[in-house]
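# A structural walkthrough
As a plain string of letters, each chain reads:
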Amino acid sequence: MSVSQKSATDQQTLLSDMMRDLAVTDSSGTRHPPRRSTVLRGDDATGATAAATAGAAAAPPSEFEARLAEKSYEISAQDRKELRSDTINYDAQRMIGHGSFGAVFLARVAETNEIVAIKKVLQDRRFKNRELQIMRQVSKQPHPYVVNLCHHFVTKGPKHDDVYLNLVLEYVPETVYSVQRQYNRNKENFPIPLVKVYMYQLSRALAHIHGMGICHRDIKPQNLLVDPARQILKLCDFGSAKVLMKGEPNIAYICSRYYRAPELIFGSTDYNTAVDVWSQGCVMAEMLKGSPLFPGASGVDQLVEIIKVLGTPSKEELRAMNPNYQEFRFPQIRPHPWATIFRASVPADAIDLARIMLSYTPSRRCRAIEACGHPFFNDLRSPTAVMPDGTPMPQVMFQFTEEELALAMPDLVQALVPPHIPRRPPPSSIAATASITPEPSVAGGGYTSSIGTSSTRSAPDTSRSRGEGGGGGGVEGGATAAAASTSLAAP
Ligand SMILES: Nc1ncnc2c1ncn2[C@@H]1O[C@H](COP(=O)(O)OP(=O)(O)OP(=O)(O)O)[C@@H](O)[C@H]1O
Ligand SMILES: [Mg+2]
């Protein structure tokens with residue numbers, strides 16, 4: 001009996017057995033335990049711990065998590081005292097997030113009452129902080145869908161040598177993760193019009209940073225901030241981001257497990273920004289499905305989950321991901337039909353976009369800027385389009401930065417900006433238009449045919465692991481108004 005004829009359970013067992021023999025390693029050749037990822041949000045009314053999906057399943061709660069779960073997100077007197085820079089006083093209100101490498105606080109600028117988020121990360125003096133470096137680079141070219149760095153300052157910790165970097169960021173109240181969780185609790189689906197708007201904005205954010213040569217390397221729902229009131233998504237957490245240089249190796253053990261591109265699982269060290277597009281495809285599929293598409297229980301099991309959906313990679317696909325695995329004999333699993341993965345009401349063009357993003361061969365995935373031109377987003381470009389809540393479609397949705405357009409073909413540029421939209425103003429005014437006005441109180445806290453068709457198209461000439469030590473920065477190598485009739489409101 002061929003593998004493809006076996007039952008799903010048999011296939012799973014067989015695949016798992018085969019995968020155990022497959023040495024999936026990082027660039028240093030060592031097997032790593034899966035990276036755990038946890039997110040806690042202070043706006044959770046129950047005060048309960050929200051453990052992020054990726055890798056959290058088997059891990060017991062840390063002391064910190066347990067403390068937060070049983071009590072509240074109140075911040076210590078020490079933190080309250082320390083979150084002050086020489087020039088600006090920040091009145092820290094409460095903890096709103098906690099990740100593997102730092103805590104995030106909601107704070108008020110004493111002088112202006114402005115609400116900000118402060119991400120406090122313990123610095124490892126031995127390494128340059130890449131997160132700050134990248135955020136400063138990104139903030140020089142502000143983008144409406146990338147979180148803005150307002151300021152930064154350094155503070156001393158309680159231990160003699162401890163130094164903390166404090167990144168002062170614009171505050172955005174929710175994440176795709178917290179919004180999805182809310183829909184799940186209410187037994188509702190993420191409305192397709194919202195998936196559309198958020199995925200479009202994420203494509204733009206990625207196109208922008210990719211155009212700057214930056215790869216994010218940790219795209220996941222927890223790192224996508226959203227303001228549901230204004231239907232704005234902002235990419236955050238550049239702790240794993242890196243400017244990828246052709247010819248320079250990069251760490252393979254990077255990105256949270258469920259969202260990790262297969263070439264990373266295969267240990268590739270010369271990957272490119274297509275790894276972010278894979279992760280975006282995973283996030284989009286999760287929004288459409290209501291649960292992670294590839295919920296791998298371990299690093300190797302992640303590959304099993306992917307093969308169960310995409311089928312066994314061909315020799316060519318394997319070569320494209322990592323030539324070293326060409327000779328490995330995989331059990332032959334047939335791909336699962338895409339349409340059967342999602343509920344019947346999910347539109348075919350949404351599935352098509354996710355499918356393109358989730359190609360084994362990195363160069364066959366669409367680029368982020370190409371994703372913006374996919375038919376799934378055509379509704380947004382209609383002169384009568386409105387936002388999901390019925391408000392006018394903001395012009396900023398179609399005002400692209402030079403960086404975004406850097407990787408677009410001319411015909412795509414034409415298709416991306418609908419004729420009824422005035423040409424692009426200077427970048428500074430673009431960012432200002434979409435900036436989020438802080439809440440006064442903090443009490444409660446024309447698709448181009450190039451997509452997927454060109455196997456010769458080279459990846460951008462740009463090609464984290466916080467999994468390997470080095471702390472906060474991630475270290476490698478040491479160092480308009482439209483008339484409202486085409487409503488996008490949920491069906
Ligand atoms: N600007 C912001 N406004 C509001 N909340 C934020 C902001 N930045 C971060 N957060 C919250 O804090 C959480 C952790 O922040 P961030 O992802 O930057 O830290 P991290 O330690 O690098 O996380 P991880 O390593 O787990 O991905 C986010 O998932 C989000 O819930
Ligand atoms: Mg994060």
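Residues numbered from 1 in each chain as written. Chains lettered and ligands numbered in written order. Predicted model: local features only at pLDDT ≥ 70, side-chain atom pairs only at ≥ 80, totals over all residues.

## What about the overall build of the protein chain?
- Each helix and strand counted, the protein chain has 15 helices and 10 strands in total.
- When each of the 491 residues of the protein chain is scored for burial, the buried share is 46%. (Helix = DSSP H or I, 4+ residues; strand = E, 2+ residues; numbered from the N terminus. Buried ≥ 20, exposed ≤ 12 C-beta atoms within 10 Å, placed from the backbone.)

## A look at the site of ligand 1
- As a structural note, the neighbourhood of ligand 1 is formed by 25 residues, with Gly97, Gly99, Val104, Ala117 and Asp237 the closest of them.
- The set of elements that each furnish at least two residues to the shell around ligand 1 consists of strand S1 (90-99), strand S2 (102-109), strand S3 (115-122) and strand S5 (163-170).
- Considering each element in turn, the shell around ligand 1 owes the most residues, 3 residues, to S1.
- Per-class residue counts for the shell around ligand 1 are 11 nonpolar, 9 polar and 5 charged. (Near = placed C-beta within 6 Å. Nonpolar A, V, L, I, M, F, W, Y, C, P; charged D, E, K, R; others polar.)

## Here's the deal with helix H6 (residues 192-211)
- Here H6 contains 20 residues, and its C-alpha end-to-end distance of 28 Å stays within 8% of the 28 Å for a straight helix at 1.5 Å per residue.
- Directly beyond the C-terminal end of H6, a positive phi value near 90° is found at Gly213. (Expected span 1.5 Å × (residues − 1).)

## Side note on unusual backbone geometry
- For Lys187, which is not glycine, the phi torsion reads 55° and is therefore positive.
- Tracing the backbone through its elements, the reader meets Lys187 in the loop between helix H5 (176-185) and H6.
- The exposure class assigned to Lys187 is exposed, which follows from the 7 C-beta atoms found within 10 Å.
- The phi torsion at Cys255 lies on the positive side, around 80°, for a residue other than glycine.
- Relative to the helices and strands, Cys255 is located in the loop between strand S10 (242-243) and helix H7 (262-265).

## Topic: the packing of helix H8 (residues 274-289) against helix H11 (residues 348-357)
- Interaxial distance between H8 and H11 falls to 8 Å at its minimum, and their mutual angle equals 150°. As judged from the angle between their axes, H8 and H11 are roughly antiparallel. Regarding H8 and H11, the two cross each other, and that crossing is left-handed. In contact with Val277, Trp278, Gln280, Gly281, Met284, Ala285 and Leu288 of H8, H11 contributes Ala350, Leu353, Ala354 and Met357.
- Taken together, the residues of the contact of H8 with H11 break down into 9 nonpolar, 2 polar and no charged. (Axes fitted to C-alpha atoms, helices over the stretch in contact; angles between N-to-C directions. Parallel < 35°, antiparallel > 145°, perpendicular 65-115°, else oblique. Left-handed = near helix turned anticlockwise from the far one by under 90°. Contact = placed C-beta atoms within 7 Å.)

## Overview of the sheet that holds strand S4 (residues 149-156)
- Ordered in space as S1-S2-S3-S5-S4, the 5 strands form an open sheet in which the pairing is antiparallel. Of all the strands in the sheet, just S1 and S4 have a single pairing partner and so form its edges. In this sheet, adjacent strand axes meet at a mean angle of 25° when their direction is disregarded.
- Judged from the 6 bridges that link them, S2 and S3 form a sheet pairing that is antiparallel. Across the sheet, the residue bridging to Val104 is Lys119, located in S3.
- Each of S4 and S5 is contacted by helix H4 (residues 130-140), which is oriented at about 155° to S4, the strand it contacts most. (Pairing = 2+ DSSP bridges.)

## A short note on the pairing of S1
- Extensive coverage of S1 is indicated by the burial of 7 of its 10 residues.
- Counted along the chain from S1 to the antiparallel partner S2, the turn is 2 residues long.

## Some points on the pairing of strand S8 (residues 224-227)
- Where strand S6 (residues 174-175) and S8 come together, 2 bridges link them in antiparallel fashion. Its bridge partner lying in S8, Thr175 is registered against Leu225.
- The pairing of S8 with strand S9 (residues 232-235) spans 4 bridges and is antiparallel. Looking at S9, one finds that Leu225 is bridged to Lys234.
- Once S8 ends, the chain turns through 4 residues before running back antiparallel as S9, passing Gln231 with a positive phi of about 50°.

## A word on the confidence of the model for the protein chain
- In this model, the protein chain carries a mean pLDDT of 77, and residues with pLDDT of at least 70 account for 68%.
- Considering only residues more than four positions removed or in separate chains, one finds that residues 1-6, a stretch of pLDDT under 50, has 12 contacts.
- In the predicted structure, residues 432-475 sits below a pLDDT of 50 and forms 124 contacts with residues beyond four places in sequence or in another chain. (pLDDT = per-residue confidence, 0-100.)

## Some thoughts on the nonpolar core
- Core analysis: the biggest nonpolar cluster contains 116 residues, and Ile118, Val195, Tyr198, Met284 and Met357 have the highest contact counts within it.
- Ranked by the residues each element gives to this core, the list is headed by H6, at 12 residues.
- Domain assignment of the residues forming this core places at least three in each of domain 1 (3-62 + 173-442) and domain 2 (71-170).
- Beyond its immediate chain neighbours, meaning those up to four positions away, Tyr198 contacts Val176, Val226 and Leu233. (Core = buried A, V, L, I, M, F, W, Y, C linked by C-beta atoms within 7 Å. Domains from an automatic or database assignment.)

## A word on the environment of Arg364
- For Arg364, the location among the structural elements is in the loop between H11 and helix H12 (368-372).
- When the C-alpha positions of Arg364 and Glu317 are compared, they lie 9.9 Å apart, and in sequence the two are 47 residues distant.

## Description of the sheet that holds S6
- Pairing is antiparallel in the open sheet, where 3 strands are placed in the order S6-S8-S9. The two strands at the open ends of the sheet, each matched to only one other strand, are S6 and S9.
- Across the sheet, H6 lies against S8 and S9, angled at about 35° from S9, the strand it touches most.

## Describing the packing of H6 against H8
- In contact at an axis separation of 11 Å, H6 and H8 are set at 170° when each is read in the N-to-C sense. The angle between H6 and H8 places the two elements in the roughly antiparallel class. Contact residues: H6 offers Val195, Met199, Leu202 and Leu206, while H8 offers Asp276, Gln280, Met284, Met287 and Leu288.
- The class makeup of the residues in the contact of H6 with H8 is 7 nonpolar, 1 polar and 1 charged.

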